[in-house]
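Geometric and topological summary
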Amino acid sequence: MLKADEKLTQNSYYAASVQRTESHPPLRGDLQVDVCVIGGGLAGISAALELQQRGFNVALLEARQIGFGASGRNGGQVIMGLACDIEVIEAQLGYEAAKQVFAMTAEAIALIHERCATHAIDCEWQAGYLNAAIGPKKAKTLEQWVEQMRIRYGYEQQFIAKPEVSSWIQSNRFTALAYDPLSGHLHPLKYTLGLARAAQSLGVQIFEETAAQRITQGENALIYTDHGAVQCKQVVLAGNVYGTTLAPGLDARIMPVGTYIIGSAPMSKARANALIPSRSAICDTNFVLDYFRLSADDRMIFGGRVSYSTVTPMNLAPTMKARMLKVFPQLSDLQVQYAWGGFVDITMNRAPDFGRLANNVYYLQGFSGHGLALTGLAGKLVAQAIAGDAERFDVFTRLKHHNFPGGKLLRLPALVAAMAWYRLRDLLA
Ligand SMILES: Cc1cc2nc3c(=O)[nH]c(=O)nc-3n(C[C@H](O)[C@H](O)[C@H](O)COP(=O)(O)OP(=O)(O)OC[C@H]3O[C@@H](n4cnc5c(N)ncnc54)[C@H](O)[C@@H]3O)c2cc1C
């Protein structure tokens, strides 16, 4: 378990605004199932649900509680595309496969709607997303990107030039915007818990406070926990960066990077609507970016900042508030009620990393801070693969990934140096 992570979850708006009605007792004793899924985040829950729907008998092990990891704490922004530019996929797999991947990211959003409707999950969906450029150079790049994505990927967004920006956001910080009506935002913990409820109602056996400690691979894999073992024919690893190392080779390809969020006190609806009249989620195009949105109860949920240490930053609430005031100086009177954070699992090229460790051991990782929607589709793809149709899963497994340079000890300094460069680039743009 990442050190200090405990502290980071303690003051989360999401945890404070849900009632956990289901409890899932820990595993006690041995169990035999078709598939064992490790990790109770959106990737693992989605895989478990899709597998159970296909007739497999599934157990899901979660070291802490459902939604303890990134899925229960994120910015709530459901965004088309990947963390990396689509050109990264195109360079490796070619244009046709890149188009297929991009279409799958749209499918991932549609899947959220489908699941909310089928399983009656109320997670406060709000449509609309604005990509925001700071400075003329970035505005130009954004305009060109909107045009390119329309022509080459059929992705329709509305470019909003400087004179119109103020009618979309009450802030002087941004030079241009791109509006995407299909992306949007939601309450991530409500969605995660709702999906787990749906999986359980279909027959998935969920065990909380049950960490997988070790796996013995083979035709029948064995997964050892503190109080019992699970024997299964197939395994899905979806533990992100939050757990015991089960596959050291995979760990070297991802890096935990901390990111932080504050939740303000509620505002009046009129004040909230004046800030962002479309109530879209907003993310700037900087490398070290700010991402923010209004909650359904009219709080500002403002995220940003990154850290390469697992130590919780000092003065998290005031430093994050200072970031928020750079965008909305008019909110200086607004109290910060919540401050929390979590880790994203970034890969070197920011493309997702899905694959197999053995014929019957699958993994899903490397969502690189852009996994709220894609995790859901990843779970579906892995279930399709286990059920015998791996065509779409294998589009992703063809992507090449590299270890972070320097091995376990040196990868952090190497990354810090790289990030310092990107930060400088943001400042100079
Ligand atoms: C602060 C923050 C903001 C973010 N904002 C956004 C956003 O706005 N939009 C977006 O698209 N993405 C965002 N992300 C990223 C997104 O949340 C993740 O990509 C996604 O939730 C990953 O889901 P997951 O299921 O892979 O992992 P997780 O949700 O982290 O789940 C992994 C689970 O596995 C469990 N586990 C680990 N090891 C074991 C083990 N050995 N045995 C049993 N259980 C184990 C952990 O306890 C954990 O609950 C953000 C992430 C963070 C942290």
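Higher on the page you've got the structure.
The structure contained in this document is the topic of the report that follows. (Residues numbered from 1 in each chain as written. Predicted model: local features only at pLDDT ≥ 70, side-chain atom pairs only at ≥ 80, totals over all residues. Heavy atoms only, no water.)

**With respect to the overall build of the chain**
Under the convention used in this document: Strands here mean DSSP runs of E at least two residues long; helices mean DSSP runs of H or I at least four residues long; both are numbered from the N terminus. Buried residues are those whose accessible area, probed at 1.4 Å on protein chains only, stays under 20% of the maximum for their type, while exposed residues exceed 50% and partly exposed ones sit between those limits. The contact rule is simple, with two residues in contact once any of their heavy atoms fall within 4.5 Å. Only the protein chains shown count as cover for residues, and the accessible areas themselves come from Shrake-Rupley with a 1.4 Å probe. Only four residue types enter the charge count: Lys and Arg as positive, Asp and Glu as negative, with His and the chain ends excluded. Lysine's charge is taken at NZ, arginine's at CZ, aspartate's at CG and glutamate's at CD.
Within the chain one finds 14 helices and 17 strands. Overall, the chain is about 65 × 45 × 45 Å in size when its C-alpha atoms are taken along their principal axes. A burial count over the chain gives 56% of its 429 residues as buried. Sequence separation of at least 24 residues holds for 75% of the intrachain contacts in the chain that already meet a minimum separation of 6. Summed over all atoms, the accessible surface of the chain reaches about 17600 Å², with 53% contributed by carbon and sulfur. Side chains of the chain carry 40 positive and 36 negative charges; the gap between the two charge centres is 6 Å.

**Some thoughts on the site of the ligand**
What counts here: Throughout this document, a residue counts as near a molecule or strand when at least one of its heavy atoms sits within 4 Å of that molecule or strand. Residues adjacent in sequence count toward polar contacts only when both atoms are side-chain atoms; beyond that, a polar contact is any pair of N or O atoms within 3.5 Å, and within protein one must be able to donate a hydrogen and the other to accept it. Classification convention: Asp, Glu, Lys, Arg as charged; Ala, Val, Leu, Ile, Met, Phe, Trp, Tyr, Cys, Pro as nonpolar; all other residues, Gly among them, as polar.
Taken together, 40 residues lie around the ligand, and E62, S71, G75, Q77 and A212 are the ones closest in. One of the side-chain N or O atoms of N240 is found 2.9 Å from an oxygen atom in the ligand. Look at the ligand: alone it shows 1000 Å² of surface, and the protein chains cover 98% of it. Among the elements that take part in the shell around the ligand, strand β15 (residues 336–347) stands out by supplying three residues, more than any other. Of the residues contributing to the shell around the ligand, the split by class is 18 nonpolar, 20 polar and two charged.

**Notes on unusual backbone geometry**
A positive phi angle, near 50 degrees, is found at A120, a position not held by glycine. Tracing the backbone through its elements, the reader meets A120 in the loop between α5 (95–118) and β4 (126–133). Positive phi is not limited to glycine here, since N240 has a value of about 55 degrees. Its location among the elements puts N240 in the loop between β10 (228–237) and α9 (248–251).

**Focus on the packing of aromatic side chains**
Note the following rule: In summary, the pairing rule links any two rings of Phe, Tyr or Trp, Trp by its six-membered ring, whose centres are within 6.5 Å, and it sorts them by plane angle into stacked for under 30 degrees, edge-to-face for over 60 and tilted for everything else. Cation placement over rings: the criterion is NZ of Lys or CZ of Arg within 6 Å of the ring centroid and within 35° of the ring normal.
Taken as a whole and assessed by the stated rule, the structure comprises 17 aromatic pairs. Geometrically, the ring pair formed by F102 and Y155 is tilted, given 5.2 Å between the ring centres and 55 degrees between the ring planes. With F102 in helix α5 and Y155 in the loop between α6 (136–153) and β5 (158–160), this residue pair connects regions lying 53 residues apart in the sequence. When sorted by exposure, F102 lands in the same class as Y155, which is buried. One aromatic cluster is present, formed by Y95, F102, W145, Y153 and Y155 through successive ring pairs. Over the face of the ring belonging to Y224 we find R214, whose NZ or CZ atom lies 4.2 Å from the ring centre.

**A look at the packing of helix α4 (residues 86–93) against α5**
The axes of two packed helices give the description: the angle between them and the distance between them. Here is the rule: Each axis is a line fitted through C-alpha atoms, taken for helices only over the stretch in contact, and angles between the N-to-C directions span 0 to 180 degrees. Angle categories: roughly parallel below 35 degrees, roughly antiparallel above 145, roughly perpendicular from 65 to 115, and oblique for all the rest. In this scheme the handedness of a crossing depends on how the near helix is turned from the far one: anticlockwise by less than a right angle means left-handed, clockwise means right-handed.
At their nearest, the axes of α4 and α5 sit 7 Å apart, and the two run at 140 degrees to each other. The pairing of α4 with α5 is recorded here as oblique in orientation. Here α4 runs over α5; the crossing is right-handed. Along its contact with α4, which presents I86, I89, E90 and L93, the element α5 presents Y95, A97, A98, V101 and F102. Its residues placed into classes, the contact of α4 with α5 shows eight nonpolar, no polar and one charged.

**Here's the deal with the packing of helix α3 (residues 42–53) against helix α8 (residues 188–202)**
Orientation of α3 relative to α8, taken along the N-to-C sense of each, is 25 degrees, at an axis distance of 9 Å. For the element pair α3 / α8, the angle class is roughly parallel. Helix-helix and strand crossings are classified by hand; for α3 and α8 the assignment is left-handed. Between α3 and α8, the contacting residues are L42, I45, S46, L49, Q52 and Q53 on the first element and Y191, T192, L195, A196, A198, A199 and L202 on the second. When its residues are assigned to classes, the contact of α3 with α8 shows nine nonpolar, four polar and no charged.

**Brief notes about the nonpolar core**
To be explicit about the condition: We define a nonpolar core as any set of buried Ala, Val, Leu, Ile, Met, Phe, Trp, Tyr and Cys residues linked to one another through side-chain atoms lying within 4.5 Å.
With 79 residues, the main nonpolar core has L51, I89, Y191, V236 and L364 as its most contacted residues. For this core, the element with the highest residue contribution is α5, accounting for 10 residues. Residues within four places of I89 in sequence aside, it is in contact with L82, C84, G94, A98, V101, A351 and L399.

**Some thoughts on the side chain of S183**
Tracing the backbone shows S183 in strand β6 (residues 176–185). For S183, the side chain forms a polar contact with the main-chain nitrogen of M80, separated by 3.0 Å.

**Regarding the pattern of salt bridges**
Cut-off, in case you're wondering: Put simply, a salt bridge is a Lys or Arg side-chain nitrogen that is within 4 Å of an Asp or Glu carboxyl oxygen.
Evaluation of the coordinates by the stated rule reveals 18 salt bridges. A salt bridge links R54 to E50, with the nearest nitrogen and oxygen atoms 2.7 Å apart.

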